[in-house]
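# Reading the structure
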Amino acid sequence: MQNLMELLSIEFNCKPDDFLKSNNILIVSELHEGRRVYSSEKYFFHMVTMGQNAVVTADECMQDFLRAYIDVKQGHYLFEIPNLLPIERELNKYGYTLTQTYHMFLSCEQIKAEKKYPVKWFFDDEIHRFYGDKRFPNAICSEYKPERPDKVVVCAYDGDTIMGMAGCSEDAPHWQQIGIDVLPEYRSKGVGTYLVTLLKNKIIECNNIPFYGTSVSNYHSWNIALNCGFKPTWLEIGAKKIE
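My aim in this report is to walk through the structure given alongside it, one point at a time. Note that this is a predicted model, so its numbers are computed, not measured. (Residues numbered from 1 in each chain as written. Predicted model: local features only at pLDDT ≥ 70, side-chain atom pairs only at ≥ 80, totals over all residues. Heavy atoms only, no water.)

Before going further, it helps to spend a moment on the packing of aromatic side chains. Across all of its chains, the model carries 14 aromatic pairs by this definition. Summarising the aromatic geometry, the rings of Trp175 and Phe211 are spaced 5.9 Å apart at their centres and angled 65° between planes, so their arrangement reads as edge-to-face. Here the residue Trp175 occupies a position in strand β8 (residues 175-182), and Phe211 occupies one in strand β9 (residues 209-214), the gap between them amounting to 36 residues. Here Trp175 falls in the buried class, since its relative accessible area comes to 6%. (Phe/Tyr/Trp six-rings, centres within 6.5 Å; stacked < 30°, edge-to-face > 60°. Helix = DSSP H or I, 4+ residues; strand = E, 2+ residues; numbered from the N terminus. Buried < 20%, exposed > 50% of the residue type's maximum accessible area, 1.4 Å probe, protein only.)

Encoded structure:
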């Protein structure tokens, strides 16, 4: 948990212990090395909770509104739709809109994976052969991204046919996010749980930190995470420019 707070403090331009306070924290956003890299621009608005308070980093123009708004609300309640709507209206004034909420899971313990299916492993440049394959939008990036490269892929096979793929990208130094895709005809057979467990164990063996994210309504993905030993740990939401 300390490693997570240190990572998030880099991204939110705050102190690690800010995530454990009872009051909400508001900071002007800045870019720092060591963050997860999803954009080359600093956050216009981004908010996170680990279940207690909310920590918010935002552009200077949002500070007065947010300071008055978040000071009178309990942190984790800010992520409920009625409390997000005023933030959405304020963001719209500057040409921004809220993203989806990201429900994030963490686990640093290996669990035993009984062999269920034949698998093959692919590392670094070996993964490039799969770019452009629309069957795997979650397991790997759409193309090579040097700022958060895909590092490891494991595939389960039925003969020569790929049943499913789990992959991880290194979104920050030593922080590797797992994604999973199982082909429709092989779902509900334990393929996803098996592959994610194998990959999570491999990441830990390499002294890296595995993490997992999904949406609030994707219960199938939630169950895979829980079955593989992940626990829901933090929740975040951001803003993007209105197209």
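Now for the sheet that holds strand β1 (residues 25-28). In a beta sheet, neighbouring strands pair by backbone hydrogen bonds and run either parallel or antiparallel. Read across the sheet, 10 strands follow the order β1-β3-β2-β10-β4-β9-β8-β7-β6-β5 without closing on themselves; strand pairing throughout is mixed. Looking at strand neighbours, the two that pair on one side only are β1 and β5 (119-123), the edges of this open sheet. Across the sheet, the axes of successive neighbouring strands diverge by a mean angle of 25°, strand direction being ignored. Along the sheet, helix α2 (residues 63-70) makes contact with β1, β2 (45-49) and β3 (54-58), crossing β1 at roughly 175°. (Pairing = 2+ DSSP bridges. Axes fitted to C-alpha atoms, helices over the stretch in contact; angles between N-to-C directions. Contact = heavy atoms within 4.5 Å.)

Another point: helix α1 (residues 2-12). For α1, the full list of buried residues reads Leu4, Met5, Leu7, Leu8, Ser9, Glu11 and Phe12. Positive phi appears at Asn13, one or two residues downstream of α1, with a value of about 60°.

A separate point is the pattern of salt bridges. The final tally for this structure, using the stated rule, is nine salt bridges. Residue Asp64 pairs with Arg67 through a salt bridge whose shortest N-O separation is 3.5 Å. In this pair, Asp64 and Arg67 are both assigned in helix α2, three residues apart and thus about one turn of the helix distant. The class for Asp64 is exposed, based on a relative accessible area of 63%. Overall, Arg67 belongs to the partly exposed group, its relative accessible area being 40%. (Salt bridge = Lys/Arg side-chain N within 4 Å of Asp/Glu carboxyl O.)

Once that is clear, we can look at unusual backbone geometry. Phi is positive for Asp124, which is not a glycine, with a value near 50°. You can see Asp124 is positioned in the loop between β5 and β6 (150-158). Since its relative accessible area comes to 38%, Asp124 is described here as partly exposed. A positive phi angle, near 75°, is found at His174, a position not held by glycine. Mapping His174 onto the fold places it in the loop between β7 (161-172) and β8.

Among all positions in α2, only Gln63, Leu66, Tyr69 and Ile70 are buried. Along the axis of α2, the buried positions cluster into a sector of 140°, meaning they face one direction only. Among the exposed residues of α2, those oriented more than 90 degrees off its buried face are Asp64 and Ala68. For α2, the elements touching its buried residues are β1, β2, β3 and α3 (81-92). (Arc of directions from axis to C-beta.)

Take the pairing of β8 next. Of all eight residues that make up β8, seven are buried, and the element is covered over most of its length. Hairpin connection of β7 to β8: two residues between the antiparallel strands, including His174 at a positive phi of 75°. Relative to β9, β8 runs parallel, the two being bridged by four bridges. The residue bridging Ile178 from the neighbouring strand is Tyr212, located in β9. Regarding the hand of the β-α-β motif, the stretch spanning β8, helix α4 (residues 191-205) and β9 is right-handed. (Right-handed = clockwise from strand over helix to strand, strands pointing away.)

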